[in-house]
Number of protein chains: 2
Amino acid sequence: MPEQSLDKKTYKQRSEELKEALLDAQFELKRQQGGPVLILISGNDFAGKAELIYTFYGWLDTRRLNTRAFNLPAGIEKRMPRLWRYWRTLPPSGELGFYLGSWYHQPLMRFSRGQISEAHFQSAMEEIVRFETLLTREGVSIVKLWLHLTGPDTSKKPSADTFKQTVAMREWGDFSAADYDQVRDAAQRMEHLTSTEAAPWIRVQSSDENYRDIRVAEIILDTLQQRLEADTQESQPPVSDWPGATHRVLQELDYSARLSKDDYKEQLETWQARLRELVRHPRFNRHSLLLVFEGSDAAGKGGTIRRITQCLDPRHLRVHGTAAPTAEEATQPYLLRFWKRIPAPGNVVIFDRSHYGRVLVERVEGFCPATRWQQAYQEINDFEQQLHQSGTLVIKFWLAITEEEQLRRFKAREKSSVKRYKLTDEDWRNREKWPAYEQAVNDMVAHTSTRHAPWYLLSSEDKRHARVEALKIVCEQLEQRLERGKKQ
Amino acid sequence: MPEQSLDKKTYKQRSEELKEALLDAQFELKRQQGGPVLILISGNDFAGKAELIYTFYGWLDTRRLNTRAFNLPAGIEKRMPRLWRYWRTLPPSGELGFYLGSWYHQPLMRFSRGQISEAHFQSAMEEIVRFETLLTREGVSIVKLWLHLTGPDTSKKPSADTFKQTVAMREWGDFSAADYDQVRDAAQRMEHLTSTEAAPWIRVQSSDENYRDIRVAEIILDTLQQRLEADTQESQPPVSDWPGATHRVLQELDYSARLSKDDYKEQLETWQARLRELVRHPRFNRHSLLLVFEGSDAAGKGGTIRRITQCLDPRHLRVHGTAAPTAEEATQPYLLRFWKRIPAPGNVVIFDRSHYGRVLVERVEGFCPATRWQQAYQEINDFEQQLHQSGTLVIKFWLAITEEEQLRRFKAREKSSVKRYKLTDEDWRNREKWPAYEQAVNDMVAHTSTRHAPWYLLSSEDKRHARVEALKIVCEQLEQRLERGKKQ
């Protein structure tokens with residue numbers, strides 16, 4: 001490939017045009033408030049990754065510009081799922097994010113140095129593809145640039161000045177130019193494994209700075225303009241055929257279980273004492289606990305949760321109620337707010353309603369396109385799988401009651417001043433959609449009851465029964481996990 | 001004082017009534033979306049601070065409950081202003097926050113152990129009073145409880161069970177009951193110094209658990225109800241007399257300074273190179289830089305900022321544009337969003353418009369009561385003083401242009417496609433308020449130009465002049481600071 005370059009005059013003229021167009025597009029992006037545009041800058045050493053970003057800090061509106069750079073995971077990052085640090089630092093809607101050392105950096109470097117196996121590298125790349133796919137489906141744009149130096153250039157001695165800057169900006173102190181071949185091979189594998197339609201890798205010849213800057217500006221502008229056009233179009237995909245689960249778990253549940261007041265009191269105390277002990281176990285500090293509570297309105301989620309929180313140290317506990325997304329949250333990928341709330345080691349987080357809203361209320365009420373809730377099952381499984389891998393025990397409960405029992409409880413709520421506020425017109429409307437919700441729950445259980453994060457369906461027709469059962473399951477699962485931790 | 005206690009029956013009956021009333025009030029608090037209610041739980045060892053919170057986790061709606069516990073500052077906390085960690089973890093609007101180990105904990109413990117002087121303790125207490133005053137003025141409620149054990153009780157041996165729990169919950173491992181007298185004396189000083197009208201300390205006899213729980217529930221309920229009543233009242237305080245600064249700094253500025261194109265190019269390069277060097281200085285890692293840019297519309301803030309960002313490592317830089325607060329931000333103390341954006345050590349943060357909005361646009365447009373912007377000068381000085389103390393260099397620029405020059409620029413913007421988006425109807429409206437803004441700027445400079453964070457007024461009638469001046473001031477101030485750091 002011949003080296004591509006640009007003379008100074010052409011550069012100046014073209015850069016003025018691009019600057020103007022970029023500022024316009026950036027302004028429009030903010031106005032439309034769609035997902036952020038992520039620009040990943042990878043490439044050879046000395047290809048000018050940092051210098052490129054300097055250029056754009058002169059060309060773009062810096063108030064809508066975010067630069068993220070990730071080094072090796074440190075501190076708490078080591079003990080959280082790999083992708084957590086990227087989720088939690090996702091730029092705000094309508095803004096640009098430049099990434100130096102993105103999620104590719106660590107696996108690429110480790111693989112090129114022979115520190116991880118081919119299989120390990122491949123599975124890391126697959127995880128990334130699923131991550132990027134989710135983001136792009138949710139309106140985030142991803143531009144992946146590989147700044148490329150052709151053969152002869154890489155051997156050119158960097159000038160003192162370039163060198164100084166590169167040294168200041170580089171992330172891996174002990175990485176020398178000699179590793180060029182290994183990195184090239186690893187990068188080719190990476191490119192092969194992760195160039196998807198929605199987020200392909202784009203190589204940019206970077207031997208000539210002028211050419212490089214203009215080329216990247218054109219790519220970014222092109223991405224922005226495509227996005228802005230797409231955003232203004234109506235793009236509701238057609239509802240595809242959805243078979244629906246045939247296993248009707250909810251209808252087949254036994255709603256007859258009851259617990260007497262005395263038995264309840266005794267068993268509640270036993271299991272609460274057990275839970276108090278378990279979370280104080282020193283090994284729990286290497287784990288964490290995420291409890292997901294879903295269920296029909298008035299099924300008794302709050303009361304069950306309270307019986308559990310009473311046993312926990314409030315300093316290491318957080319109960320998150322999930323309401324409809326705020327205006328800001330609605331512009332972000334739906335999993336983001338849940339990623340931001342996952343427990344740190346030694347902590348317990350309880351979701352009172354959860355990320356399953358996507359396949360429950362959002363599905364039934366038509367708040368998201370059919371393709372999106374259908375794809376969500378796998379995305380949610382990925383999320384929970386990553387939690388599992390980093391030591392979080394995920395336990396999911398569906399508290400089930402019959403339609404008749406719900407009616408009784410609604411009527412009782414109308415009369416009680418404590419619970420009056422819990423009942424809204426919407427609750428009554430939801431009752432009319434009972435069969436649709438039932439199907440959604442059956443589908444949810446069929447698709448997301450995984451080995452690492454199974455669903456527990458509990459009859460809450462008798463609240464005492466559900467409370468004791470939930471506590472018991474939490475204790476048993478936690479005990480098993482801590483036991484397994486011992487053997488490791 | 002006789003010991004206060006409650007029999008089981010009274011406790012049960014009263015707790016049922018309180019639970020109901022508390023849930024109602026908590027719900028109403030969320031609905032009104034006012035500032036959060038902070039409940040600080042301090043007191044003697046074995047007085048049941050943690051147990052008390054357990055009780056409320058059974059009584060309240062846990063989804064609107066936050067428990068914060070702070071140990072000794074660790075990691076980055078040590079290098080940030082003392083109050084930063086409390087600011088950044090302030091509970092959301094309309095929610096409750098229980099504090100175990102609040103901002104009082106560390107100074108109290110250190111003073112009671114003789115690790116800090118009386119004067120140091122006193123100044124820490126004063127800082128806290130200003131902090132709490134600001135919060136309460138901004139709609140946050142603060143309840144400060146001291147759980148009190150009367151003389152004989154403190155000598156009572158804790159039962160094995162209580163002891164176990166207290167040990168699990170206590171924050172200071174090596175603190176023994178023998179220190180009781182020292183803590184009592186220090187607590188009395190604390191109470192004396194920090195019992196303000198808006199946030200007084202309340203002592204609660206805690207020898208009897210039932211009495212303690214009911215008493216605290218009553219206090220919390222009382223606070224919530226007072227708050228809810230106050231929120232529904234119209235409470236616009238009368239506009240007080242405001243003298244206004246007589247020193248008309250803006251009118252007396254010299255607007256004639258000009259820089260030729262050649263001089264500009266040369267000086268720009270010189271100072272940019274200097275700044276690049278300075279921020280790479282190893283000692284800069286112990287400091288950080290906060291640049292505040294304010295100025296009339298079209299004064300050239302963006303262009304000046306860009307000339308500075310070009311010299312900085314984008315990974316350690318963040319430019320924050322300040323727009324009107326979002327719906328969520330509007331319910332929070334106005335300084336909160338700026339506290340959340342202060343630079344970490346080794347970092348540069350630039351505010352393109354800033355926390356001075358309170359005494360500029362909010363004052364002129366009447367977006368906040370007169371008392372609040374008048375009080376804000378001192379609050380802002382406190383904020384910047386704390387930044388200074390923790391190693392942040394705060395430099396504030398007002399870019400000034402004449403009314404005529406602004407008109408010329410507005411007209412030019414209308415014709416330019418790059419800058420078109422910068423001009424709104426509001427900009428034209430603002431011009432009509434020129435004298436009011438001028439007075440606001442003069443007042444701002446008079447009240448907030450402190451020794452540690454002075455204002456620099458730059459004529460931007462000639463943009464080149466302003467850009468070079470700003471760069472030069474940043475370099476000179478930074479150099480001085482790094483030099484001083486050397487001597488330490």
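Every value quoted in this text rests on a predicted model; they were computed, and no experiment measured them.

J.: What's the story with the overall build of chain A in this structure? I'm lost.
T.: What chain A contains, in helices and strands, is 20 helices and 10 strands. The buried share of chain A, reckoned over its 488 residues, is 56%. The long-range fraction of contacts in chain A, counting pairs at least 24 apart against all pairs at least 6 apart in sequence, stands at 83%. Accessible surface for chain A amounts to roughly 21800 Å². Of this, 48% is attributable to carbon and sulfur atoms.

J.: What is the right way to read the sheet that holds strand S6 (residues 288-295) of chain B from this model?
T.: Each strand in a sheet pairs with its neighbour through backbone hydrogen bonds, running either in the same direction (parallel) or in the opposite one (antiparallel). Residues and elements named next belong to chain B. With parallel pairing, the 5 strands of this open sheet are ordered in space as S7-S8-S6-S9-S10. Every other strand in the sheet has two partners, leaving strand S7 (317-321) and strand S10 (455-459) as the edge strands with one partner each. The mean angle between the axes of side-by-side strands here comes to 20°, regardless of whether they run parallel or antiparallel. Two strands pair when backbone bridges link them, and strand S9 (residues 392-400) and S10 are joined in this way by 5 bridges, in the parallel orientation. Across the sheet, the residue bridging to Phe397 is Tyr456, located in S10. Running at roughly 135° to S9, helix H15 (residues 370-389) makes contact with S6 and S9 of the sheet. Running over the sheet, helix H19 (residues 434-448) touches S9 and S10 and is turned about 145° from S10.

J.: It is not clear to me how empty space enclosed by the protein should be interpreted in this structure. Could you clarify?
T.: Empty space among the atoms becomes visible once a probe the size of a water molecule is rolled across them. All names here are of chain A. The tally for this structure, following the rule as stated, stands at 4 cavities of 30 Å³ or more. The calculated volume of the largest cavity comes to roughly 90 Å³. What lines the largest cavity is simply Leu83, Trp87, Glu127, Arg130, Phe131, Leu134, Leu335, Trp339, Glu379, Asp382, Phe383 and Gln386. Sorting the residues of the lining of the largest cavity by element identifies helix H5 (118-137) and helix H16 (370-389) as the ones contributing at least two each. Of the residues contributing to the lining of the largest cavity, the split by class is 7 nonpolar, 1 polar and 4 charged. Both domain 1 (8-232) and domain 2 (249-487) contribute no fewer than three residues apiece to the lining of the largest cavity.

J.: Can you help me understand a positive patch on the surface in this one?
T.: There is a patch of like positive charges on the surface, built from A:Lys8, A:Lys12, B:Lys261 and B:Lys265. Mapped onto the secondary structure, A:Lys8 falls in helix H1 (residues 8-32).

J.: Explanation requested: the interface of chain B and chain A in the structure shown.
T.: Accessible area lost when the parts come together is the quantity often used to give the size of an interface. With 45 residues of chain B in contact, the opposing surface of chain A contributes 45 residues. The junction of chain B with chain A conceals about 4000 Å² of combined surface from both sides, 54% of it contributed by carbon and sulfur atoms. On the surface where chain B and chain A come into contact, there are 4 salt bridges. Between A:Arg318 and B:Glu95 there is a salt bridge, and its shortest N-O distance comes to 3.7 Å. Along the contact surface separating chain B from chain A lie 6 residue pairs in polar contact (both at pLDDT 80 or more). Counting residues per element, the ones that place at least two in the side of chain B that touches chain A are helix H1 (8-32), helix H2 (49-59), strand S2 (65-69), helix H7 (160-169), helix H11 (301-309), S7 and helix H17 (417-420) of chain B.

J.: I would appreciate a short explanation of the environment of B:Arg372 in the present structure.
T.: All names here are of chain B. Mapped onto the elements, Arg372 comes out in helix H15. It is 7.8 Å that separates the C-alpha atoms of Arg372 and Arg137, two residues lying 235 residues apart in sequence. Residues within four places of Arg372 in sequence aside, it is in contact with Arg137, Glu138, Tyr334, Arg358 and Glu379.

J.: Explain a negative patch on the surface to me, please; I cannot follow it from the model alone.
T.: On the surface, A:Asp262, A:Asp263, A:Glu266 and A:Glu269 cluster together into a negatively charged patch. Summarising the element assignment, A:Asp263 is placed in helix H11 (residues 261-280).

J.: Would you take a moment to explain the relation of the copies chain B and chain A for this structure?
T.: Mapping between the two copies of the chain is achieved by a rotation about an axis and a shift along the axis. Expressed as a screw transformation, the operator carrying chain B onto chain A has a rotation angle of 180° and an axial translation of 0.0 Å, and the superposed copies differ by an RMSD of 0.0 Å. In the structure described here, the two chain copies are related by an operation that fits a two-fold rotation axis. Interface overlap between copies is the fraction of interface residues in one copy that are interface residues in the other; for chain B against chain A it reaches 100%, indicating a shared surface.

About the thresholds
Residues numbered from 1 in each chain as written. Chains lettered and ligands numbered in written order. Predicted model: local features only at pLDDT ≥ 70, side-chain atom pairs only at ≥ 80, totals over all residues. Heavy atoms only, no water. Helix = DSSP H or I, 4+ residues; strand = E, 2+ residues; numbered from the N terminus. Buried < 20%, exposed > 50% of the residue type's maximum accessible area, 1.4 Å probe, protein only. Contact = heavy atoms within 4.5 Å. Areas by Shrake-Rupley, 256 points an atom, 1.4 Å probe, with all protein chains shown as cover. Pairing = 2+ DSSP bridges. Axes fitted to C-alpha atoms, helices over the stretch in contact; angles between N-to-C directions. 1 Å grid on protein atoms, 1.4 Å probe; cavity = no way out; pocket = protein on both sides within 12 Å on 5 of 7 lines; lining within 4 Å. Points joined across faces, edges and corners; volume = space filled by probe spheres on them. Nonpolar A, V, L, I, M, F, W, Y, C, P; charged D, E, K, R; others polar. Domains from an automatic or database assignment. Patch = residues over 30% accessible without salt bridge, like charges linked within 9 Å, V, L, I, M, F, W, Y side chains within 5 Å. Salt bridge = Lys/Arg side-chain N within 4 Å of Asp/Glu carboxyl O. Lys, Arg positive; Asp, Glu negative; His and termini not counted. Charge placed at Lys NZ, Arg CZ, Asp CG, Glu CD. Buried area = accessible area lost by both parts, 1.4 Å probe. Polar contact = N/O pair within 3.5 Å; in protein donor to acceptor, adjacent residues only side chain to side chain. Least-squares fit on C-alpha atoms with pLDDT ≥ 70 in both.

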